[in-house]
Structures are given as C-alpha cells and as structure tokens.
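# Examining the three-dimensional arrangement
Take a look at the letters that make up each chain.
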Amino acid sequence: AVLHRLWAEIDKTVKQQVTMARMGIGECGTGWQLFAEDGEMKMYRREEEIDGMVVDPLKAVHVVKGITGHEVCHYFFSPKYRYDWETTLEHMTVLETISDDTLLFLQTHKRIWPASQREAVFWSHMRKLPNDQDRDGPDMWTVVNNSTEDESHPANSGKCVRIYLTVCLLCQTRVHPPKDGTPITRDNVSCKITYCSVVNPGGWAPASVLRAVYKREYPKFLKRFTTYVTNQTKNKPIMF
Ligand SMILES: CCCCCc1ccc(-c2ccc(S(=O)(=O)CCO)cc2)cc1[C@H]1C[C@H]1c1ccccn1
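This structure is a prediction, so every number in the text was calculated from the model and none was measured.

### Remarks on the site of the ligand
- In the region of the ligand, 20 residues are neighbours, and Glu86, Gln107, Asn145, Tyr195 and Val213 sit closest.
- For the ligand, an oxygen atom lies 3.0 Å from a polar atom in the side chain of Gln107.
- One nitrogen or oxygen atom from the side chain of Tyr195 is found 2.7 Å from an oxygen atom belonging to the ligand.
- Protein burial of the ligand: of its 660 Å² of free accessible surface, 98% is covered by the chains.
- If you map the ligand onto the pockets, it falls in the largest cavity.
- Taken together, the elements giving at least two residues each to the shell around the ligand come down to strand 7 (102-109), strand 11 (164-175) and helix 4 (207-233).
- Examining the composition of the shell around the ligand, we find that six residues originate from one element, helix 4, more than from any other.

Pasting the structure below:
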C-alpha cells in the first residue's frame, strides 16, 4: 500500500508514546505529584512551563473491571461516540480518513473564561500491540492523538487559539479465568488503563486558571469516559 505522508511520523510517535506510557511513575523522571485519586484511579502531573505557558504533563493510571483494552480504545478512537463522553467538546470534524485505524480530527472545545476558545487539529491512530513481555498474556491496545498541521486549516486563522496536544491511551486487558472452566464472562476481565497527555494551550492563559481547569477536568473526563465504556459494553459480547 502506498504509505500516507504522515505514516513515518505516526509510527515513530506511537512507539515513543507507548514506551513512555509503559514506564512506571517512578521511572518517568522526578517531579510527579499525585493530584487526584478516586478508588483505582490515580492521576499525576508535573508542573512544567514553556515560554511562561503551563504545559503540565499528565499521567493517569486506572483499573476498570468488566471491560477490555480493545473496547476502551474502540470507544475512545471512534468519532461516532465522542459527543457522548467528551463534555468540553463544542464541535468535532473528521478532516481526513487516513486509514481505517487512522483519522485526522478538527475539534473546537468550549471556551473557558477568561481564556479565548481553543481548537485542535490532530491525527488519531489506534493499534493492537504484541505483548512482547508476557508471551501468552493478552495483547495491549493503544490510541495515540498528536497535533499536526493541516493546510486547509491554518493555526490561529479564526477566532480559536490552536492548542498542541500529544495523548496516549494505553490499555492492557487482564483475564482471570474461572476455576471451573466455564466460559469467560465480564466478571473475569479487567483493563489496566494508562492515559498520558501533554496539552500546550497555544497562547497565553493564566497559569492559575489552567491548573484549576486541568485539576477539575481530567479526573472528570477519565471517570466519565470509563463509565461510558462500561455502560456501552455491559450487555454486549466481549471484544478481546
Ligand atoms: C484555556 C484552556 C486551554 C486548554 C483547553 C483544552 C482543550 C483540549 C483538551 C483536550 C483535547 C483532546 C483530548 S483527547 O484525550 O485527545 C480526547 C479527544 O477529545 C483531551 C483534552 C483539553 C483542554 C483542557 C480543558 C482541559 C481538559 C482536560 C480534560 C478533558 C477536557 N478538557
């Protein structure tokens, strides 16, 4: 197949992001602060500024019973579900279908006073990863979203400030087979989710406002999204 103009960048970025997501918090360098905890969900951030702008990297780890990594990535990647779980989204368009597992998105997010409204143009790629550590362990699934330029949508040409994001959702399914050899049900599966994101707000926004927004929005987003996947899958066959 003819390789898409972005394919080399996508492949390299996915490998880099998955390597980082697999590292434990302790291996990811210093300065990580646990800033939110809710049951199995733990959210860490590192305070970082670029040109006076807050770009705090975020890393969340969560374990959710009854769903698989393939299902989590499927509902995160597919545009048709996004308005159901992404509450800060004002508008979303698929600018290009690069392949059946790679899309180019334009998203505008709801304005957060007093900052101006933000938009993002990013490619999104979903991939199953061989579980190279544990041969017979279940595969891992990932979705990586990474900002990119698009000639038909130049940055900061309209009312919205263009943000720059890199997001990695890495999922590992765990199966606990029933002792009595009965078929596997949703009670026997769980998913370990690692969500990493770095969002450059693209233009100045008060550090206090940004940090308050992140503190409020990220825990809400991960809880809402995983609850959504649980509700969407509970009466459906398991997608391994
Ligand atoms: C002055 C505010 C500047 C930044 C506003 C903004 C824009 C996009 C984003 C964002 C864009 C994409 C993703 S995703 O994971 O790829 C899923 C697809 O939508 C995730 C988060 C975040 C935020 C920051 C609100 C903060 C916030 C945090 C979690 C959720 C929503 N909003």
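### Looking at the side chain of Lys59
- Counting through the fold element by element, Lys59 comes out in strand 5 (residues 58-65).
- It is Glu27 that comes nearest to the buried, bridge-free Lys59 among opposite-charge side chains, at 7.2 Å.
- Within the structure, Lys59 has its side chain in polar contact with the backbone oxygen of Ala21 (distance 3.2 Å).
- Filtering out sequence-adjacent residues up to four positions away, Lys59 remains in contact with Met20, Ala21, Met23, Ile25, Cys28, Trp32, Lys42, Met43, Tyr44, Thr194, Tyr195 and Cys196.

Cut-offs and rules
- Residues numbered from 1 in each chain as written.
- Predicted model: local features only at pLDDT ≥ 70, side-chain atom pairs only at ≥ 80, totals over all residues.
- Heavy atoms only, no water.
- Near = heavy atom within 4 Å.
- Polar contact = N/O pair within 3.5 Å; in protein donor to acceptor, adjacent residues only side chain to side chain.
- Areas by Shrake-Rupley, 256 points an atom, 1.4 Å probe, with all protein chains shown as cover.
- 1 Å grid on protein atoms, 1.4 Å probe; cavity = no way out; pocket = protein on both sides within 12 Å on 5 of 7 lines; lining within 4 Å.
- Sits in = over half its atoms within 2 Å of the grid points.
- Helix = DSSP H or I, 4+ residues; strand = E, 2+ residues; numbered from the N terminus.
- Buried < 20%, exposed > 50% of the residue type's maximum accessible area, 1.4 Å probe, protein only.
- Lys, Arg positive; Asp, Glu negative; His and termini not counted.
- Salt bridge = Lys/Arg side-chain N within 4 Å of Asp/Glu carboxyl O.
- Contact = heavy atoms within 4.5 Å.

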